[in-house]
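A structural walkthrough
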Number of protein chains: 2
Amino acid sequence: MKQIPIPSRRRLVTLSQILQQLEENGARVTSSEISALTGWSDATIRRDISLLCVHSGRSNGYEVAALREAIAAALDIRAGNGGKRCCIVGLGPLGSSLLSGTAFSGSAFSLAAAFDTSMNRIELLDSDIPLYLTTELKTVIPAKGITLAVLCVPDQIAQEMADRLVSFGIRGIVNYTNTILSVPDGVTVENANVVTALTRIVGASGSSL
Amino acid sequence: MKQIPIPSRRRLVTLSQILQQLEENGARVTSSEISALTGWSDATIRRDISLLCVHSGRSNGYEVAALREAIAAALDIRAGNGGKRCCIVGLGPLGSSLLSGTAFSGSAFSLAAAFDTSMNRIELLDSDIPLYLTTELKTVIPAKGITLAVLCVPDQIAQEMADRLVSFGIRGIVNYTNTILSVPDGVTVENANVVTALTRIVGASGSSL
């Protein structure tokens, strides 16, 4: 399989989510329809898809389910087998909001555990997800095969907690704190806090919002 | 000023946040130090910074405060003047977690209002931020000059709410829902929900996490 460049990977991740929504509606989708939904050029979309092992149908579009499966296979984001295992670290208002409801449902990820420093808080939370003290990170992360963490701790302890998570085997961190994390090679951080997201909008659009 | 390409803009946004943390520690920073913190190559960092109106000091690095100011000026993300005005739409657990605490503090953004469909929920929330029913979006958004929205509503009404926000003048949406939004030209969406962030990590790292 061809190497897929990072910008294409990011677009394919988004495309996969769009296809999931389309699956309810129709069996095929054209690159112009994708273009209308995403704003990417026709050429960009065709080039991204050409990186996958999928038969294009220039005249009558792509089969939605097959295209989605090809993206999932190429990027290794296939759902099933219980999904890739993640944990939430920090159960303040934001962290605990991800415990309940549909945050992970239907995704390629499963929430295997959540951690907090406060036994009080853990006892007060009512959740189907197993909750642990952060002192148990060291044993629970390897035991459950967890490789991804969603970091929701206070900013001032974010780096220290990230260091611990990495040392226990975490390879990817969704960072909801306002701290920019320094991590070793081989560990990936995705900043998803609200100020980073707003700044990306303003920085990327370049307009005077 | 030179046009700044999107990937450079995104790196500069991150660099600006790193510089904010460095300002407490030291007055100057070299591209190798930035490289160690970010993983970007020295050449990439120098090229990004060359797009700004700032004097480089090849031998003794960049002045942290001046570099940060140059990025803020180039990307129009300068703090002050009360910041760019945003609102939160949807005050469930995630939306209401952004109301309190430090989510926006010290940033180039100010939270000017928050909206929910339920008067009950609004009455129960204790917040310094003015809270309104979503029926008031139409008047409050233009009256307060709000151009950015943080969308935290249930997935099934996300597109409908995005359409309304855009029609009332919103130009950028941070999307915490699992719905991929379709928006007109000139409106920017940044997806920041946990599954998108996790998928970006796995998709971008390309490793079998």
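As recorded by an unreviewed UniProt entry, chain A carries the name Redox-sensing transcriptional repressor Rex and is attributed to Treponema saccharophilum DSM 2985. Chain A has a UniProt comment under Subunit (unreviewed entry) that states "Homodimer." Word for word, the UniProt comment on chain A under Subcellular location (unreviewed entry) is "Cytoplasm".

**Observations regarding the packing of aromatic side chains**
Centre distance and the angle of the planes are the two values used to describe a pair of aromatic rings. Within this structure, the stated rule accounts for three aromatic pairs over all chains. Note on Tyr176 of chain A and Tyr176 of chain B: the rings are 6.3 Å apart at their centroids and 40° apart in plane angle, and the pair reads as tilted. Taken together, the residues Tyr176 of chain A in the loop between β7 (172-175) and β8 (188-191) and Tyr176 of chain B in the loop between β7 (172-175) and β8 (188-191) connect one chain to another. No difference in accessibility class separates Tyr176 of chain A from Tyr176 of chain B, as the two residues are buried.

**Structural notes on the relation of the copies chain B and chain A**
Placing chain B over chain A gives an RMSD of 0.0 Å and needs a rotation angle of 180°, together with 0.0 Å of translation along the axis. Put plainly, the chains are arranged around a two-fold axis. Comparing interface residues between copies, 100% of those in chain B also lie at the interface in chain A; the contact surface is shared.

**Let's talk about the UniProt feature "binding site: NAD(+)" (unreviewed entry) in chain A**
All names here are of chain A. When the UniProt feature table is mapped onto this chain, "binding site: NAD(+)" (unreviewed entry) is found at Gly90, Leu91, Gly92, Pro93, Leu94 and Gly95. If you trace the backbone, Leu91 turns up in the loop between β3 (84-89) and α5 (93-97). Setting aside residues up to four positions removed in sequence, Leu91 forms contacts with Ser96, Leu99, Ala114, Phe115, Asp116, Arg121, Leu125 and Leu131. Along the chain, Gly92 falls in the loop between β3 and α5. Excluding residues within four positions of it along the chain, Gly92 makes contact with Asp116 and Arg121.

**Regarding the packing of helix α1 (residues 6-22) of chain A against helix α3 (residues 42-50) of chain A**
The description of two helices packed together rests on the angle between their axes and the distance between the axes. Residue and element names in this part refer to chain A. At their nearest, the axes of α1 and α3 sit 10 Å apart, and the two run at 95° to each other. Judged by the angle between their axes, α1 and α3 are roughly perpendicular. The segment α1 lies against α3, with Ser8, Arg11, Leu12 and Leu15 engaging Thr44, Arg47, Asp48 and Ile49. Class assignment for the residues of the contact of α1 with α3 results in three nonpolar, two polar and three charged.

The rules behind these values
- Residues numbered from 1 in each chain as written.
- Chains lettered and ligands numbered in written order.
- Predicted model: local features only at pLDDT ≥ 70, side-chain atom pairs only at ≥ 80, totals over all residues.
- Heavy atoms only, no water.
- UniProt positions renumbered as here; feature names shortened; annotations may be inferred.
- Phe/Tyr/Trp six-rings, centres within 6.5 Å; stacked < 30°, edge-to-face > 60°.
- Helix = DSSP H or I, 4+ residues; strand = E, 2+ residues; numbered from the N terminus.
- Buried < 20%, exposed > 50% of the residue type's maximum accessible area, 1.4 Å probe, protein only.
- Least-squares fit on C-alpha atoms with pLDDT ≥ 70 in both.
- Contact = heavy atoms within 4.5 Å.
- Axes fitted to C-alpha atoms, helices over the stretch in contact; angles between N-to-C directions.
- Parallel < 35°, antiparallel > 145°, perpendicular 65-115°, else oblique.
- Nonpolar A, V, L, I, M, F, W, Y, C, P; charged D, E, K, R; others polar.

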